[in-house]
Amino acid sequence: MEKIGRQVRLPLATAMQISLQGIRIRLGRALVTLSGVVLGIAFLMSVITGEFINAAVKQEREVRNQTTLMSTFVTSEVGAVAGKTLSVAVFGALSAPEQALLAGLAAEHATLRAYGYSGTGVTAVPAGRLGEGSALLLVLGDNPAPGIALGGLMAGMVQPVALDARLRTYPDTPPGRLEHFGIQSAEMLAKAREAERQQGFRTRWIVIISLLVTVIGIANALLMSVTERFKEIGTMKCLGALSGFIRRLFLIESAVIGFVGSFVGLLVGLAFPLLAYGVTFGFPAVFSALDGKRLALSALLCLTAGTALSILAAIYPANFAARMVPASALRSNV
Amino acid sequence: MTDRAVIIRARDVTRRYKLGEEIVWALQGVSLDIFEGEYLSIMGPSGSGKSTFFNMIGALDIPTAGSIEFMGEDLFRLPEDKQAWIRCNQIGYIFQTYNLVMVMTALENVALPMILKGDTRRDANAKAGAILERVGLGHRVDHLPSQLSGGQMQRVAIARALANSPSVILADEPTGNLDSKTGEEIIALLKSLQTDDRVTVITATHDVKMLSVSDRIAWIRDGRLERLEARANVQIDMGSMTH
Ligand SMILES: Nc1ncnc2c1ncn2[C@@H]1O[C@H](COP(=O)(O)OP(=O)(O)OP(=O)(O)O)[C@@H](O)[C@H]1O
Ligand SMILES: [Mg+2]
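From a predicted model like this one, the values you see are computed outputs, not experimental measurements.

Let's shift gears to the overall build of chain B. Along its length, chain B carries 7 helices and 10 strands. Counting only C-alpha atoms, chain B reaches 45 × 40 × 40 Å along its principal axes. A buried classification covers 56% of the 243 residues belonging to chain B. Considering only residue pairs separated by 6 or more positions, chain B has 69% of its internal contacts joining residues 24 or more positions apart. In chain B, which carries 27 positive and 31 negative side-chain charges, the distance between the mean positions of the two groups comes to 1 Å.

In structure tokens:
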């Protein structure tokens, strides 16, 4: 009589082959599990990408905010600017929001009379005649211009109102109202920073919870597929499969689903914020703002996280399947 | 006949199932020696413990008490890899419900035990093809079980049981789901394994057609071995059974 031998431990490639065949034939079920991974990882990736783009377009966004703030001031003084005569005094260099404000006013067909500034649709006038017929005076530029008298600039205005974009001091008492506009106070800045911090905190929580849901979803889907396959597991054991082999089949299946799902998920999670920000800020701006190296790193993170979490979720179902006594696995009639 | 080597020796095999509070004694101490190369039928009414005993001698379930010796070794003291080796190399299982892997073709089902044994996919497929040819399914190798008839599925299951040239074929009601004629064909096939390949064939069955081909019949009732009948003198005309 032959001597009793020991069952060989099959190479990973064999387990891989059988596992992949199972996925291919039960594609529908695999896709359901996969979609869970796709959603979880797409969410993670979109949050990361969104954060990156957000940081990159932060400056652009601040310029926009500042410009909006200033133009709100202007419209609250004079109403719609179309057809209105506005005078502009520029000392030194204009900031980006100031430039955007002037471009915006010109685009809305305000008649601009300017000192120290020229552009399309702008009439250059000497400082002494700046105020003639104008409804509002804007004082812009980074030069403190200490010697300039407001009285001279505002002479002849229809409504003597001046808006200064910087905290300039003038040697004389203004002949009308003087207000500073577009300046954010330290308090406002602190508030904005706090809001940003809380937003980051919230985002992190949502990411953690969504990943948890993904893991539980995968574990659940795999447990179901283990239950469905009790009979098959029992049959495999009858034919000489070791517990370790059964365990490996499920771990491989989950790893493959996790990897493919994460890959699709990260593409989706990349595309969405790119599209959303691209529409708002323009695609060239968004693409040039992206840091390829950091993006690749986070893609790698998503891929690793997705695969690792899928394997983690498979441990319990795989062990459950591996530990089954063949007879009881075969008895099931699912 | 009694001088033949014992391949499976069951001693006081007991199996108790707990169903909540209730305890079911499926086997209450069955002792039986099974000889190498014999055709043994286990008969008994439904619920008498045939399948339970079948699972024990096939290393598919663990007895509550008692022992099974397989090839001289205490089956349930063996490490997992030796038990798996026995299941893979020494025993071929056939079930009433076929238990084919539904997502694999006939060929892949038959090749599976060889793959699990460590054969290459190529060798396994070639051998599997030849075995399917032998059981009369050469033209159905690429069909899925769902595309086969009951008799054809049972033939695939027999081919799979033969995959690694086992020394024992264990068949639990192999004809239970088949019509009378197909059942006869399957019985003839099993008998030919014993006569031509010197395989030990053990069947658990209700089917009286099985009686005439059996060397011995073990009658089980209420989890006990009631009597053991030898049928060594029965002559069977195989030609008339297969038409
Ligand atoms: N997994 C189980 N859990 C609980 N009870 C079981 C289990 N398996 C079998 N039994 C019980 O053990 C007894 C013997 O069952 P077994 O399946 O061995 O009978 P059998 O002789 O094969 O019957 P049949 O001819 O109907 O197949 C029955 O009373 C059955 O209810
Ligand atoms: Mg039974």
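Take the site of ligand 1 next. Neighbouring ligand 1 are 15 residues, the closest being S46, G47, K50, S51 and T52 of chain B. In this structure, ligand 1 is bordered by residues of chains A and B. Between ligand 1 and the protein, one listed contact pairs an oxygen atom with a backbone N or O atom of S48 of chain B at 3.2 Å. Between ligand 1 and G49 of chain B, the relevant distance is 3.0 Å, taken from an oxygen atom to a main-chain nitrogen or oxygen of the residue.

Let us look at the sheet that holds strand β4 (residues 136-140) of chain A. Residue and element names in this part refer to chain A. Spatial ordering of the open sheet is given by β3-β2-β1-β4-β5-β6, a layout of 6 strands whose pairing is parallel. At either margin of the open sheet sits one strand with a lone partner, and together these are β3 (122-124) and β6 (177-180). Across the sheet, the axes of successive neighbouring strands diverge by a mean angle of 25°, strand direction being ignored. As judged from the 3 bridges shared by strand β2 (residues 111-115) and β3, these two strands associate in the parallel manner. When the bridges of β3 are listed, A114 appears paired with A124. Sitting on the sheet, helix α4 (residues 96-107) touches β1 (85-90), β2 and β4, and the angle it makes with β4 is about 150°.

This paragraph deals with the packing of helix α8 (residues 243-281) of chain A against helix α10 (residues 292-323) of chain A. Residue and element names in this part refer to chain A. The geometry of α8 relative to α10 is characterised by a closest axis approach of 7 Å and an angle of 150° between their N-to-C directions. For the element pair α8 / α10, the angle class is roughly antiparallel. Here α8 runs over α10; the crossing is right-handed.

Attention now moves to the environment of G22 of chain A. Residue and element names in this part refer to chain A. Structurally, the position occupied by G22 is in helix α1 (residues 12-25). Owing to a relative accessible area of 9%, G22 belongs among the buried residues under this scheme. For the pair G22 and L309, spaced 287 residues apart in the sequence, the C-alpha separation amounts to 21 Å.

Rules behind the numbers
Residues numbered from 1 in each chain as written. Chains lettered and ligands numbered in written order. Predicted model: local features only at pLDDT ≥ 70, side-chain atom pairs only at ≥ 80, totals over all residues. Heavy atoms only, no water. Helix = DSSP H or I, 4+ residues; strand = E, 2+ residues; numbered from the N terminus. Buried < 20%, exposed > 50% of the residue type's maximum accessible area, 1.4 Å probe, protein only. Contact = heavy atoms within 4.5 Å. Lys, Arg positive; Asp, Glu negative; His and termini not counted. Charge placed at Lys NZ, Arg CZ, Asp CG, Glu CD. Near = heavy atom within 4 Å. Polar contact = N/O pair within 3.5 Å; in protein donor to acceptor, adjacent residues only side chain to side chain. Pairing = 2+ DSSP bridges. Axes fitted to C-alpha atoms, helices over the stretch in contact; angles between N-to-C directions. Parallel < 35°, antiparallel > 145°, perpendicular 65-115°, else oblique. Left-handed = near helix turned anticlockwise from the far one by under 90°.

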